[in-house]
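Next come the chains, spelled out residue by residue.
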Amino acid sequence: LGRVAEEAKASRQSVYRLFGSRHGLLLALVASLDPSAGTGAGTPPLPPSGDPESPFRAIVGQALAYNGRIAAVGLALRDARRRNSDAAAAWDDRMAARSAMVAQLLAPLAAAGRLRPGLSVAVAADLVASLASLSLYEELVQQRGWPEERYVAEVTSLIVGAVLG
């Protein structure tokens, strides 16, 4: 909080009063990165298309690219959730929003009979959510040094293959 106050040219006490703690500051940062946080908004509409695979592939790619923009804050929130109930609530809110988006993306694929045989929407949603997780971004990009473009391309292909076969 001291460094934040210094950068903001404010007193540490002012920053503490505004955010309450480092966790409060983290939650405010999450809200600023994702304006739909806590609103239930932000699920992208699917464009009308004869083939539900194209919008699915495009939105999965966008979600994976978004991981790169939010990785620092998202991973900090992921780790903070183990120690702080506010951070846990914020994490749960973001994961629920992501799950809702995945279910919306999968519904037209399921209706068109395009899911991999034997794969339910619920299991497909779990696969997509896990493969699109910040943890996989952390492993491939931050720890193994993959360029973000390769991460987006490879994991998009992996998700599409896992769900559509």
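Up top you'll find the structure we're talking about.
(A) Fine view of the packing of helix α6 (residues 121–131) against helix α8 (residues 148–164). One way to put it is that α6 packs onto α8 with a least axis distance of 10 Å and a crossing angle of 170°. With respect to their mutual orientation, α6 and α8 come out roughly antiparallel. Where α6 crosses over α8, the handedness of that crossing is right-handed. Residues A124, L127, V128 and L131 of α6 pack against V155, L158, I159, A162 and V163 of α8. Partitioning the contact of α6 with α8 into residue classes produces nine nonpolar, no polar and no charged.

(B) Layout of helix α7 (residues 134–143). Taken residue by residue, α7 has L134, Y137, E138, L140 and V141 as its buried positions. On its buried side, α7 packs onto α4 (53–80), α5 (85–111) and α8. Immediately downstream of α7, the backbone of G145 shows phi near 80°, a positive value.

(C) Representation of the pattern of salt bridges in the model. Summed over all chains, the structure comprises eight salt bridges. The salt bridge involving R94 is made with D93; its shortest N-O contact spans 2.9 Å. On the basis of relative accessible area, D93 is assigned to the partly exposed category, the value being 29%. For R144, the salt bridge identified is with E139, shortest N-O distance 2.6 Å. The class of E139 is partly exposed, set by a relative accessible area of 27%. Overlapping salt bridges bring together R78, D79, R82 and E138 as one network.

About the cut-offs
Residues numbered from 1 in each chain as written. Predicted model: local features only at pLDDT ≥ 70, side-chain atom pairs only at ≥ 80, totals over all residues. Heavy atoms only, no water. Axes fitted to C-alpha atoms, helices over the stretch in contact; angles between N-to-C directions. Helix = DSSP H or I, 4+ residues; strand = E, 2+ residues; numbered from the N terminus. Parallel < 35°, antiparallel > 145°, perpendicular 65-115°, else oblique. Left-handed = near helix turned anticlockwise from the far one by under 90°. Contact = heavy atoms within 4.5 Å. Nonpolar A, V, L, I, M, F, W, Y, C, P; charged D, E, K, R; others polar. Buried < 20%, exposed > 50% of the residue type's maximum accessible area, 1.4 Å probe, protein only. Salt bridge = Lys/Arg side-chain N within 4 Å of Asp/Glu carboxyl O.

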